[in-house]
There are 2 protein chains.
Amino acid sequence: MRLGKAGNNKLLKEINETSLLELIRTNKQVSKAELAQITGLSPTACGTIVANLLDKGYIREAGVGTSKGGRRPILYELTPKSYFSIGVDIDVDYMRFILMDITGQVEFRDKISCDFARDTSESIRLMEEKIVEIIKNHSIEHDRLLGVGVSVPGMIDNLTQEIIFAPNLGWERVNLEHMMAGVGDFSIYVDNEAMCSALCENWIGCCMDESDFVCINMKSGIGSSIFAAGNLYRGCCGSAGEIGHITVDQNGPRCACGNYGCLEALVSARTMVEKAQKLVRQGLITDFENIDAITVDDIFRLAGEGNESARIILVESAGYLGLAIANLINTVNPSKIVLGKELVKFSEDIMEHLKSIAVAKALKYPASRVEVVASKIGEDSSALGAAIIPLKKLFGYRL
Amino acid sequence: MRLGKAGNNKLLKEINETSLLELIRTNKQVSKAELAQITGLSPTACGTIVANLLDKGYIREAGVGTSKGGRRPILYELTPKSYFSIGVDIDVDYMRFILMDITGQVEFRDKISCDFARDTSESIRLMEEKIVEIIKNHSIEHDRLLGVGVSVPGMIDNLTQEIIFAPNLGWERVNLEHMMAGVGDFSIYVDNEAMCSALCENWIGCCMDESDFVCINMKSGIGSSIFAAGNLYRGCCGSAGEIGHITVDQNGPRCACGNYGCLEALVSARTMVEKAQKLVRQGLITDFENIDAITVDDIFRLAGEGNESARIILVESAGYLGLAIANLINTVNPSKIVLGKELVKFSEDIMEHLKSIAVAKALKYPASRVEVVASKIGEDSSALGAAIIPLKKLFGYRL
């Protein structure tokens, strides 16, 4: 016999509790009567659940509201600093850490250097140490840490949480949860870095009111994530949004993946640096002593200073990215596309160029409904998103 | 105050009724005790709902099941031919009609010629006449028709049901529901043709067990539809899946949309016919007397007979389509991609060529998890899908 969706009714008590907690979060301050009115649950049932939530410390009394005839009702709100979650963003040469409380308030942030590609186990040890230190320094009791979210630049199997492939870390089929046993007995959630950014934009960023949006990040590679109908869209095995290797120009340069003209081979921090190095060798950029020390920030800086060669690198990149965005607009029909990480460094005129290509190449109707914006969150978006995972779990969202 | 998801609790009675009806559908034959067990509802509550469903005629008794100790339980099933829905598939020069009963059984199918582009109102009148005739000929009482679904080759605003743009019909901003007032007081659901095909494959076709899949149809143009996490993914305003105008080759031929190298400009029935006409003019194909009468079927036939020029047209088309499919595999990570309508006419070796391009150009991990298949449903998939819309509504699915 197939278990239909009605099978969930058995968990109705649990669903009711997380639903009320979520309503208290989204309404900021709310009375029992209002909760009963919104949910259709009886005042008695609401009273029981509220008592339970107070008992666990998730919520607290927050004064009284306005009267609708009788006694002025007690309002409830989330208790700041009652429960916490930790987010870690792993990349090739650094880790970022976020400590967030149940209300979404950031209590602590840090960034440390590491070398994952060269010594994974040493880097993992560093991460564990840092997590233990954060817990200790903030005197967080064991049952008050909702979990640790880890953002990884790679494809994650969303059922097993196994990291299938993270080329820049040199990882293939890695179970990070097992490797992090030293951190203690906490729930660990591993997720893709672009997906973490989308969770962040949707929870505390510029997509709080969007149900269908796309986040595109550029670091060493290019990744994206798709929010569909209010949820992260993962595809059948967790790799949805991997636009770094869509073919943008069949006659383009060879990509690390073996194909030709992938988006990442045409647009990425690494590609831009390689282009700049070539221009230095050709004598077209003369502002560098050490060709190997050129970073993408140098290119942004030079372009800002009026260097035409550096500007052309950015214009070309924005053009290819605009084309890829046009294809996403047609295929995914998002209301917003958020450009994050290195992409926020595009100057206004480069962004306008990118947008004009995207709009010109996309169909008129979906192009008229989409807004392409730079993220205001910046480099921390994946670490913040990773910290949001345990919160979303608490508030009853599917991940 | 924001209305949270818990606001749905007010409709719990209605949700319980559709949930039980859906469980009876998916389990084929089921007893009240089993329904109570699956749902967690009390036997009394299940009894009331079952009595209600019997009363409305949706279900009937279907003999007795095996005993688990006490009396042998009565089994319930959907009542064949109790309720009906009609599906219409509109295209440039024909309409297809399907009459389906509550169990998904096709009771009647037909195809008639028309000329929507030349005379819309005459074609609409023809459609209305046909619908009224079907209802009359099958003696369907007014309250036994669940609704009429209409499949249209164009972009539909999924909130207003307005047809935003259907280039091949010459329609822009058309409200078909208003135009069909003559058909009588029935619920009318308008949907995109590729989305209708996906509904069909998911309800009665090769994707009944898939949650994340893509359907790609080729007729005069190319459209696709995306099923994400078990539901049709529409995007923010209904146009998701419009892959006909993604850029496949920036240096490709000019497309009707004004851009260059769109998939549709490289691969579509129309493009293939134009290529064949060019080859005839060049004397490379000599099998046609009237160059204007060449159809895509002629090309498939000639290629099947060993004509190398015709074969090259198909190989080229399959190559471009393979590239677009690779991009979809990376972006959407589906478990299945179903090729429908004209695409089912590709011979086995052309399909193999298409698949090999798709797999070679896509990332290894999502490529290893996807199956690319030709639809077994054929030309009727959109009409069937349109008929399934009112059924899905009855069984409590969101559309």
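Everything numeric in this text was worked out from a predicted model, so none of it was measured. Here, residues in each chain are numbered from 1, in the same order as that chain's written sequence. Each chain takes a letter, starting from A, and each ligand takes a number, starting from 1, following the order in which they are written. In keeping with the predicted nature of the model, local features appear solely for residues at pLDDT of at least 70, side-chain atom pairs appear and are counted solely at 80 or more, and the whole-chain, interface and lining totals rest on all residues. Here the side-chain values reflect all heavy atoms present in the structure, with hydrogen atoms and water set aside.

1. Quick look at empty space enclosed by the protein
What counts, and what does not: For each structure, a 1 Å grid was placed over the protein atoms alone; sets of points admitting a 1.4 Å probe that cannot get out are labelled cavities, open sets with protein on both sides within 12 Å along at least five of seven lines are labelled pockets, and lining residues have an atom within 4 Å of a point. Grid points are joined across faces, edges and corners, and a volume is the space filled by probe spheres set on the points. Under the convention adopted here, Pro, Cys and the residues Ala, Val, Leu, Ile, Met, Phe, Trp and Tyr are nonpolar, Asp, Glu, Lys and Arg are charged, and Gly plus all remaining residues are polar.
Throughout the structure, instances matching the rule amount to five cavities of 30 Å³ or more. Space inside the largest cavity adds up to approximately 100 Å³. Along the walls of the largest cavity sit I246(A), A324(A), N327(A), L328(A), T331(A), I243(B), I246(B), A324(B), N327(B), L328(B) and T331(B), which together make up its complete lining. For the lining of the largest cavity, the class distribution of residues is seven nonpolar, four polar and no charged.

2. Some details on the relation of the copies chain B and chain A
For clarity, the cut-off: Superposition of the copies used a least-squares fit over C-alpha atoms from residues whose pLDDT is at least 70 in both. The criterion used for residue contact is that any of the two residues' heavy atoms lie within 4.5 Å.
The operation relating chain B to chain A is a screw motion whose rotation component is 180 degrees, with 0.1 Å of axial translation and a residual RMSD of 0.1 Å. Considering both components of the superposition, the chain copies are consistent with a two-fold axis. Within chain B, D249(B) has its C-alpha nearest the rotation axis, a separation of 3.3 Å. Same-surface contact between copies: 100% of interface residues of chain B are shared with the interface of chain A.

3. A short note on the sheet that holds strand β10 (residues 171-174) of chain B
The criterion, for reference: Strands are treated as partners if at least two bridges between them are detected by DSSP. Secondary structure elements are defined from DSSP: runs of H or I of at least 4 residues count as helices, runs of E of at least 2 residues count as strands, and each element is numbered from the N terminus.
Here three strands make up an open sheet; going across it, the order is β8-β9-β10 (chain B) and the pairing antiparallel. Either end of the sheet is taken by a strand with one partner, and the two such strands are β8 (155-156) and β10 of chain B.

4. A few points about unusual backbone geometry
Residue and element names in this part refer to chain A. Put simply, the rule is: Burial classification: accessible surface area is computed with a 1.4 Å probe over protein chains only, and a residue below 20% of its type maximum counts as buried, one above 50% as exposed, and the rest as partly exposed.
Despite not being glycine, Q161 has its phi angle at roughly 65 degrees, a positive value. With respect to the secondary-structure elements, Q161 resides in the loop between β8 (155-156) and β9 (163-166). Positive phi outside glycine occurs at N333, with the angle close to 50 degrees. Inspection of the secondary structure puts N333 in the loop between α10 (308-332) and β15 (336-341). Of the residues examined, N333 reaches a relative accessible area of 0% and is grouped as buried.

5. Description of the interface of chain B and chain A
Convention followed: Accessible area, probed at 1.4 Å, shrinks when two parts are joined; the buried area is that loss added up over both. Salt bridge, as used here, is a side-chain nitrogen of Lys or Arg placed within 4 Å of a carboxyl oxygen of Asp or Glu.
Counting from both sides, the interface comprises 69 residues of chain B and, opposite them, 70 residues of chain A. Between chain B and chain A the total buried area reaches about 5,700 Å² when both faces are included, carbon and sulfur atoms providing 54% of it. The interface formed by chain B and chain A contains two salt bridges. Here D157(B) makes a salt bridge to R369(A), at a shortest N to O gap of 3.7 Å.

6. Points about the environment of I188(B)
All names here are of chain B. Relative to the helices and strands, I188 resides in strand β11 (residues 188-192). Between the C-alpha atom of I188 and that of V150, which follows or precedes it by 38 residues, the distance is 7.4 Å. Setting aside residues no more than four positions away along its own chain, I188 makes contact with V148, V150, Q161, E177, M180 and V183.

7. Side note on the domain arrangement of chain A
When the parts come together, some accessible area is lost, and that loss is often what is quoted as the size of the interface. All names here are of chain A. Note the following rule: Domain limits in this description derive from either an automatic procedure or a database domain assignment.
For chain A, the assigned domains are domain 1 (5-78), domain 2 (84-202 + 382-394) and domain 3 (208-376). Computed over C-alpha atoms, the centres of domain 2 and domain 3 are 26 Å apart. Contacts between domain 2 and domain 3 engage 21 residues on the former and 24 residues on the latter. Taking both sides of the interface into account, the surface hidden between domain 2 and domain 3 amounts to around 1,800 Å²; carbon and sulfur atoms contribute 49%.

8. Focus on the sheet that holds strand β12 (residues 213-218) of chain A
All names here are of chain A. Basically, it comes down to this: Axis lines are fitted through C-alpha atoms, for helices just across the contact stretch, and the angle between N-to-C directions can take any value from 0 to 180 degrees.
A sheet is described by the order of its strands in space; here five strands give the open sequence β14-β13-β12-β15-β16, paired in mixed fashion. The strands lining the two open edges of the sheet, one partner per strand, are β14 (231-233) and β16 (371-374). Going across the sheet, the axis of each strand differs from the next one's by a mean of 25 degrees, ignoring polarity. When β15 meets β16, the two strands line up parallel, connected through four bridges.

9. Topic: the pattern of salt bridges
Residues and elements named next belong to chain A. Evaluation of the coordinates by the stated rule reveals 54 salt bridges over all chains. For R96, the salt bridge goes to E379, with nearest N and O atoms at 3.6 Å. Of this pair, R96 sits in strand β5 (residues 94-101) while E379 sits in the loop between β16 and α13 (381-394), placing them 283 residues apart in sequence. E379 sits in the partly exposed class, given a relative accessible area of 22%. Residues K345 and E342 are paired through a salt bridge, measuring 2.6 Å at the closest nitrogen-oxygen approach. A single network of salt bridges, built from pairs that share partners, joins R96, R109, K219, D297, E342, K345, E379 and D380.

10. Observations concerning helix α3 (residues 43-56) of chain A
Residues and elements named next belong to chain A. Here is the rule we go by: One fewer than the residue count of a helix, multiplied by 1.5 Å, yields its expected span.
Taking 1.5 Å of rise per residue, 14 residues should cover 20 Å, and α3 covers 20 Å from first to last C-alpha, within 8% of that figure. Residues of α3 that are buried: C46, G47, I49, V50 and L53. Looking at the residues trailing α3, positive phi occurs at G57, about 90 degrees.

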